[in-house]
Each structure stands twice: as structure tokens, then as C-alpha cells.
Amino acid sequence: MKLIFEKSQSGRRASSLPHHDLPVPEIPEELRRSQPPRLPEVAEPELVRHLTALADRTFGIDTGFYPLGSCTMKHNPRVNERVVNLPGFRDLHPHQEVEGSQGALELMWRLQEILGEVAGLDAVSLQPAAGSQGELTGLMLMRAYFAERGEERDTVMTADTAHGTNPASVTMSGYKLQKVGTDDRGNLDLDDLRSKVTERTAGLMLTNPSTLGLFDEHIEEVARIFHDAGALLYYDGANLNAVCGISRPGDMGFDIVHYNLHKTFSQPHGGGGPGGGPVAVRSELEPFLPVPAVVRRADGFDLDFDRPLSIGKVRGFTGPFGVFVRAYAFIRAYGPALKEMSEVAVLNANYLLARLRTAYELPFDRLPMHEFVLSARALKREHGVTALDVAKRLMDYGFHPPTIYFPLIVPEALMIEPTETEAKETLDAFVEAMLAIAREAEVTPALLKEAPHSRPVRRLDEVKAAKRAVVKFGFDEHPDLSLEPSEPRALEAQKGA
Amino acid sequence: MSHLSLTERDRSEMLAAIGVDSIEELFVDIPERLRLRRPLALEPALSEPELVRHLEELAGRNVHTGRELSFLGAGMYDHYVPAVVDALLARGEFLTAYTPYQPEMSQGVLQAIFEYQTVICELTGMDVTNASGYDGTTVAADACYLAKGTTGRSKVVVTEATSPQVRQVVKTYAPGFGLEVIEVPHRDGVTDPEELRSAAEGAACVVFQHPNFFGCLEPAPELAAAANDAGALPVAHVDPLSLGVLEAPGAYGCALAIGEGQGAGNPLSYGGPHYGFLAAKTEYTRRMPGRIIGETTDVDGRRGYVLTLQTREQHIRREKATSNITTNQTLLALAGLTYLSWLGPDGLREVGETCMALAEYAKERLDLPLAFPQQATFKEFAVAVGRPAKEVIRAARAQGVHPGYALGRDYAELDDALLVAVTEKRTPEDIDRLAEVLGP
């Protein structure tokens, strides 16, 4: 398919703009644009067809089942798109005076209250723009908290099953990283933990249920170890979809939580974003939350900038407001039945596992929560078929593949998260496809090695992409990479969070 | 619940297949003491019509730009968002896809991001950009982190005429990044290159906004040269809508160009979600934060697109990653691509010229002294109103006009300064009305 730039013709345009007979002031020559940017020159019909063709070559949750583990790809209710486009939200300037933005402030205040109740914690800031920024914010809160107490702590621990964001956030926040192992039931290794926690430990970052989809059976003991050492517990909310209304991170002993509004609370993921990563904390940490705080006063809602101990601002204004509108609408549609959301998510995962465990290896044999991790290790050993091959072949059956090669401690991992919104027929069809693929691995492994067969492109040469680093269209000098030899080489770890 | 598809019969069949009698049994691994044995204290569920009514009621208590003639800017701008952006956002494939980890499933969104990257590089005169940052503030912190990694220096210089929120975010990130932040004051609304030159000694980078927070055109090439002379990376924080008329930062020696994309294709939405962009010269490619899309071919030689240079990223490099960013702002960036494709090069220049012409008309009509009379401006300018600007805003709003932003909120010495933003959506008649409201 052509790039929009290859469809461009000088003299075409899609825009019409107002004109006034007013003089345009002269720009000093050294500041004036010398060469116009080569933006596309297309009329509206071509532009719309181009976007449509691109959409046709993209698979979303609207297209089909998307069991990408740890990403919580649930249905995104359409009413949320309607309400976020109400002019009172869409066209509201963030510098509007508080008297002129009472509805927005009330919505944010209500969402804070709801999120605090779901997490079992005291205070919420909606400001962080994504889960990874929530992590960074949480670590900044730790730093500020210990600085205020005059304690020097320089190390943060993460699990070896953690999302890559956890260790990356630790480094970015200036802490030293220490990793904790996993025991043979998929829990944190308590002995390893005990041997590493010291008076220099600032805290632990943990996902619970873990990225293995397993609830840590010793979480109370874990919390005790850290709290006894004066350290804090950070809850990575990536897997919160498993436990809403069932068990609360605050009750488990966590001091800081981030939520992924784009996972648990249905903000559509948009091909990579936007998201929302609010943080909740115990009252001792509230003074350090970002400014401004959204507060309720006797005469209405307000923005409070007067927080002398605050870490500052992590993003512009009060956060990604449109994401808040969708998350708030989503939760209000459930009410206390939010618990049923998590129950069904867990039921769906357990059902898939029950039907798949005969054909794929299960490294940790426990009842999973909202997701579970299988291994294609046996298929690889016996038939030379990898998790990547299974993933690519699933595309031919019309499904988005699960997350693969993550968590890192499981070889040939297939991490499957169905979410609560799928029908049983869909789950059954997915099971049939997975079972068929396991049979194909035995009989016709080449079919898998060469998959996918039904997509606009076959396997792509990722090594060539990284080596050549063609990251924009080069117009007249654009290279023709098809003239260079290519192999279907993929980087193994295809995982984020 | 209408989002759930399982019938009672489905549930019992599924429980039987699992080999348990109830859903409750699936949660056996959660210790009893940690179970919430009461319903969540949330208000009762709302049906869809009730939900819409409730949110309409909340939205109705906000004074949006359709209810008030607005000259508010200060970082977020009421530019026109064309209907063709709706065509993009209406496609569920873009709306509901995850990050394109599996390229064969995601060629459309990958190609679209590649086109977005091209457009941003064209605007800024840079060689590489990522698939977006969170907003115009966090990309500044990203730029500082990149500069520290490149130069090994920990001091960063930010001009005081750079958006206060951008400066605040850089300062919030600074302790974790190990940065020392130095601010260079403005002189009559702009930055003095000589003052910047001495501040830039030993610095990793110099971040300056152009046009700056006051709307004034900075001596941008001189500022970039001052930074380069000191071996500090010049980082220009630019308004994409200015880049049809103002020179590309890459053409006057900047190492990086960053900015807020809201005005290019996204509504105000009370401050987000929008997108930030961070573009750089080639030599900084492997230190870039975030997703980058690259071109390649498939096994048959067909052109295709993939996430590339992933060895910079958290999911591969973990604690050694160049950033922890994962979720970004792709959909909003694609709204930006759509908007800039709608404009084309002529449209972009016209928008810039129209804003400038209207802003000049406003300066003349307002009959108020300019706060920085010596300076050329783009779409925004500051006037001295002779009393606290907050009072003027209150009085004007009572007449249905929001006249602008009170600079005293961030600059104590500018308490009487009102920052007025004029986009192409305002008309000369709108400006006449503003003049009437602000008049004696």
C-alpha cells in the first residue's frame, strides 16, 4: 500500500480556511520558514480513502478476539465515546476558571473517590498519563516521603516476573534495582526476599496477581517484611481487572497503587495510547501527591495548588481528562457490580485454561486469576514449533495472538487474557483454533513456520528494520528495501504492558 | 450487565469444565482476611440513558468555548479540528487496537505512525521522532534525560519564558534523573542570547520555547548557537502550527525539537489526552525514548512496518532502557497526522498567517499597552491591563467573554498582564467584541 506522501500531488489540498483582508505582519528573515514542510497534498476523498485503507489493515478489539495477556483488551463501550464528545467536556479549556469548570472538577473528584474505594486507599491523584508514568510518580512519592523523614534509602525491589516498565521506572527514578526470584508455586520467593531487604530498601514494586496470573499466596507476609523494615509497597495495577470488589490492594498491605484506566476501566487503547495512570496512596503519603489536587470545598469543587510537600507536576494540567470521562462512565454503568466484571474475567480465564491444558504445558499448576501463562516448550522440543509460530498461525484463524515470550521466566511463554466481555462461543472458537494448531505442529509444522498466510504481509524482517533504521519517508531519496535480501527474523520478546 | 456476554447456562457449563461448583472457588488463593466481604461502596449502576443524562448534567456545568467567546491559550489552543479527523476516530480498528506488537495484525496503524513520524520530521527539520510522548511537558523531561545520557552532564538550562508547566515537570523529574535545573530570566519578554551562553556552560542541554510562553518570537537561531557554543544540546519547544511560517528548528542548529501537539488536530478536552512530540537529529536515534516505527520487508520482499530499535525499550532492556514509556498517545498523534494532511503545506502556512494577522488586528483594536512592546509575536500576546488581570477576567466573563490568561499566576511581576490568544477560529468581529469588553 502506498504512503500518503506517494499519493500526494502538488496543488491539491483538503482544507478550507477563513480569509480576512488583514495585513500579515512581516517575520524577521532569520526566523522565517525557508523551505515549506513536505506535508501531504491530497484532497479530502483521497485522504478519507487512505485512512479507511489503513483501518482495514488494522485489527482492534472491535475486529475480533484479542487475548493479549496483561493488556486487558476488553470491549470499549460506545456510550463512552458519545459522552466524551459532549461539548462541555470536549471544548473545555483547561485554564477555564474553577467556577466555569465545576462539572469537570466534580467528575474528577467522583472518580478519585471511586478509585480510592476500589483500591482501599485514602487519596488519589489522577494526573499521571499512563501506567508507566504512574510507576514513576509512585517512586517519586517514595523518594519524597523518605526525604521528608530524613531516611536514606536507595534500593527498590522488583519481581523477576515484572513488566519491563518496573525496572525501567526504578532506574529512571534514580533508585538502584534489586530483583527478587519466584518460588515453585509462582509466588515471590520469601527466602530470597528476606535475605535482600535492608534498611536501605525503599520499597517493592509488585503486580498481584502476578504476570503469571497467580495471586501471591504470601502477600501478607511480604507486606510484613517490608513494613517491618520501614519500606513501602507499590502495587502495579496492570492486573487489577482480576480483583475489583474481591480484594483490595490497600487491604493486602500496599501503600501506593497505580491504575491503568486503559486496561481495567476500558479507555480504548488507540493503537498504543492514550492511557491514564492515576495513583492512590495511604494518608501518610497524600501530602506528596502531584499538584493541583482536585478537592471538594463547602462552596464547590476546586484545584488546590498549595501543597508544599508535593513532588510537583508530572504532566500538564490535571491529567488526561477525556480518559477520566470514559473511565467514570464505565464504572458508573457497573456500580457495585464491578465485582462481577472481575469474577467473569477470572471465570473466562479458568475456562480457557481448563480446555487448553491438555495440549499445552502449564508451568505453574494453580487456578489462575484473569490470565494464565502456557508454554510451547514441548512443541518446540518435539516439533521445532515455537511460541512465535503458534502466535503467527493464530492470525490465520482470525484471532489476535496472545502475549508471547513474557514473563521472561517461562520459556516459550503464551500469556492469555480473555477479559470478561467475550462470549462463550468466542472462547470455544479460540480453544478449537489452539487445539488445531497443536495438531498442526505435529503433522504440518511448516504451515506454522510460514504463518501467517492470510494477512496483508507475511513475517517481517525486524533485524533489517533495526539495522537500516528507515524511520521516515525519504521522498526522492527513499530507499527500496525490497532490493536487499530479507529473512523473516523477529526479535523474540514482543512484549510491553 | 450489558458488557458481559455469558448466560447462566454458559456459566454453569464453564464451571463444570473447570471442575468447580462456583465462581467463588476460583478465588481460593486469596487469603480470607484479604477478601472484601461487602459490596463496593459505589453508587448504583446507571442504565445507558441515565448515564448519558448524568454526564450531560456534569458537562452542562462547564463553560466551554461554544458558550463563551474565548481568548484563552497559554499552552492549549482553540484551533479548528476538521471533520475528517472524526472519520479517523470513528474507525474502531484504530480506536481499539493495542500497541502493534504483532506487525502482521497492525500494518495499518504501523504505517500511519510511520507517516506521522515523517510529518513531524518535516515540520521540525529533524531526522527521527518517536510515536509520541504524553504531552508537551513530559517530552521536555525526556529531552533532558536524553541530553544527560549523551553529554554526561547533569545541569540543564530552561528559559524562564518557557511554559511554567513545562518547567515544573522538568523540575519534578529532576531528582530521579539526577538533574540540576537552572532557569534563565527573560528580558523584556525574550531571552538574551549572551545571558543564555554563560548559563549554558557545562550544561547538558538548553530548553527554550519559541514562540515563547508570552507569545513572543525568541532570537531562536542565536539561542541555539549559544547552546552549541557551550556544548549543550539546543532543544526548541515549538508550536507545530507556527512551523508553516517560522523556521524549522533543525535548520538553525537545534539537536532536538519538542512540543505539544494539541493544537494540531485535537480538541481542548480540559487538558488531555493530547500528544507530545520529540524529534531529533540522527545521532540521537539510539537514545530516543519510546516507540519508533521503521520500514522493512517481509519474506516475499513486500514493504511493511514494524516497531523498531526496540533494544532501547523497557520490554527488552528493562532497567537499562532509555525510558519506561510504554503506552503513549498514538491515537491523538494520528489525529495530528490527519489534521496536517488535511492542511497540507499551504494550509499550514495560511493558518499561521491568519493567526498572526488576527493577533496584530487585536493588538491595534485593544487600545491597551503591550506588556512587551519591542517583541514580534505569533498568535498570542500580553497586554498590561493596569490592575490585577484576574479582576479583568472576572469582569469580562460576566459579559460572556473570556479575555485570556492572567500571567500573574506564574510570574508575580506580571500581575497586571493578560495573555491573549487568537486562533483562526476568531473573527475580526470577535476581536471587536473583546475590545469593547476590555475598553474603558
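Predicted, not measured: the structure shown is a model, and the values here were computed from it.

Asker: Which parts of the structure should I look at to understand the confidence of the model for chain B?
Answerer: Reading predicted coordinates in detail is not appropriate for stretches of low pLDDT. The predicted model of chain B has a mean per-residue pLDDT of 97, with 100% of residues at 70 or higher. As scored by the predictor, the complex reaches a pTM of 0.98 and an ipTM of 0.98.

Asker: Teacher, can you tell me more about the interface of chain A and chain B here?
Answerer: The interface is formed by 182 residues belonging to chain A together with 172 residues belonging to chain B. Here the element with the most residues in the side of chain A that touches chain B is helix H11 (residues 338-356) of chain A; it accounts for eleven residues. In terms of residue class, the side of chain A that touches chain B is built from 94 nonpolar, 47 polar and 41 charged.

Asker: Would you explain the sheet that holds strand S10 (residues 372-375) of chain A in this entry?
Answerer: All names here are of chain A. The three strands lie next to each other as S10-S12-S11, forming an open sheet whose pairing is antiparallel. Looking along the sheet, the strands with just one partner apiece sit at the ends: S10 and strand S11 (403-404). Looking at chain direction, S11 and strand S12 (residues 413-416) are connected through two bridges and run antiparallel. Pairing of Thr 403 across the sheet is with Met 415, part of S12.

Asker: How should I be thinking about H11(A) in this particular structure?
Answerer: Quick reminder: α-helices carry 3.6 residues per turn. Residues three or four places apart thus point the same way. The end-to-end C-alpha distance of H11(A), which contains 19 residues, comes to 28 Å, matching closely the 27 Å that a straight helix rising 1.5 Å per residue would cover. A large share of H11(A) lies buried, amounting to 14 of its 19 residues.

Asker: What should I look at first to understand the nonpolar core in this one?
Answerer: Taken as a class, soluble globular proteins show a tendency for nonpolar side chains to be buried jointly. By size, the foremost hydrophobic cluster in this structure holds 305 residues, and its most contacted members are B:Ala143, B:Cys144, B:Cys205, B:Val206 and B:Leu256. Not counting the four nearest positions on each side in its chain, B:Leu256 is found in contact with B:Ala143, B:Leu233, B:Val235, B:Leu278, B:Ala279, B:Ala280 and B:Tyr284.

Asker: Quick question: what am I supposed to make of the sheet that holds strand S6 (residues 233-238) of chain B here?
Answerer: Note on sheets: strands pair through backbone hydrogen bonds, and any given pair is parallel or antiparallel. Residue and element names in this part refer to chain B. Reading across the sheet, the seven strands line up as S2-S8-S7-S6-S5-S3-S4 and stay open at both edges, with mixed pairing between neighbours. Either end of the sheet is taken by a strand with one partner, and the two such strands are strand S2 (128-129) and strand S4 (180-184). Pairing of S6 with strand S7 (residues 256-260), which is carried by three bridges, proceeds in the parallel orientation. Paired with Val 235 across the strands is Leu 256, a residue of S7. Lying on the sheet, helix H7 (residues 164-177) is in contact with strand S3 (155-159), S4 and S6; it crosses S4 at an angle near 155 degrees.

Asker: Whenever I open this one, helix H9 (residues 220-229) of chain B confuses me. Can you help?
Answerer: Residue and element names in this part refer to chain B. Looking at H9, one finds that the buried residues are Ala 220, Leu 223, Ala 224, Ala 226 and Ala 227. The buried residues of H9 occupy an angular sector of 160 degrees when projected down its axis, which confines them to one face. At its buried positions, H9 is contacted by helix H8 (193-199), strand S5 (203-210) and S6. Gly 231 sits one or two residues past H9 and shows a positive phi near 75 degrees.

Asker: Mind showing me how you'd approach the pairing of strand S4 (residues 201-206) of chain A here?
Answerer: On a regular strand, one side chain projects to one face of the sheet and the next to the other, so that they alternate. Residues and elements named next belong to chain A. Counting buried positions along S4 gives six out of six residues, so the element sits mostly inside the fold. Relative to S4, strand S2 (residues 155-159) is paired through four bridges, and the arrangement is parallel. Among the inter-strand pairings, Val 156 is bridged to a residue of S4, identified as Gly 203. Two elements, S4 and strand S5 (residues 232-237), share four bridges in a ladder whose sense is parallel. Paired with Met 205 across the two strands is Tyr 234, which belongs to S5. A crossover links S4 with its parallel partner S5, the connecting element being helix H8 (residues 219-228), and its sense is right-handed.

Asker: Would you explain the domain arrangement of chain A in this entry?
Answerer: You'll often see interface size given as the accessible area lost when the parts meet. Taken domain by domain, chain A holds domain 1 (1-17 + 37-57) and domain 2 (80-336). One C-alpha centre belongs to domain 1 of chain A, the other to domain 2 of chain A; they are set 41 Å apart.

Asker: Looking at this model, I keep getting lost on the domain arrangement of chain B. Mind explaining?
Answerer: Taken as a whole, chain B is organised into domain 1 (8-60), domain 2 (70-78 + 346-438) and domain 3 (85-337). Domain 1 of chain B and domain 3 of chain B are separated by 41 Å when their C-alpha centres are compared.

Reading the values: rules and limits
- Position numbers for residues count from 1 along each chain, tracking the sequence in the order it is written.
- Chain A is the first chain written and ligand 1 is the first ligand written, with later ones labelled in order.
- Residue-level local features of this predicted model are given only where pLDDT is at least 70; pairs of side-chain atoms are given and counted only at 80 or more, and the full residue set underlies all totals for whole chains, interfaces and linings.
- The score called pLDDT rates the predictor's confidence residue by residue, from a low of 0 to a high of 100.
- Note on contacts: residues are paired as contacts if their backbone-placed C-beta atoms lie within 7 Å.
- Labels follow the DSSP assignment, with helices taken as runs of H or I lasting at least four residues and strands as runs of E lasting at least two, numbered in each case from the N terminus.
- Only Asp, Glu, Lys and Arg are considered charged, only Ala, Val, Leu, Ile, Met, Phe, Trp, Tyr, Cys and Pro nonpolar, and every remaining residue, Gly among them, polar.
- Strands qualify as paired when DSSP identifies two bridges or more between them.
- The span one expects for a helix is its residue count, reduced by one, times 1.5 Å.
- Three exposure classes are used. Buried residues have 20 or more other C-beta atoms within 10 Å of their own C-beta, exposed residues have 12 or fewer, and partly exposed residues fall in between, all C-beta atoms being placed from the backbone.
- Put simply, a nonpolar core is a cluster of buried Ala, Val, Leu, Ile, Met, Phe, Trp, Tyr and Cys residues tied together by C-beta atoms within 7 Å.
- Axis definition: a line fitted to C-alpha atoms, limited for helices to the stretch in contact. Angles are taken between N-to-C directions and run from 0 to 180 degrees.
- Within this analysis, the arc is defined by the directions that extend from the helix axis to the C-beta atoms.
- Looking down the strands as they point away from you, a crossover is right-handed if its path from the first strand over the helix to the second goes clockwise.
- Start and end positions for the domains come from either an automated domain assignment or a database one.

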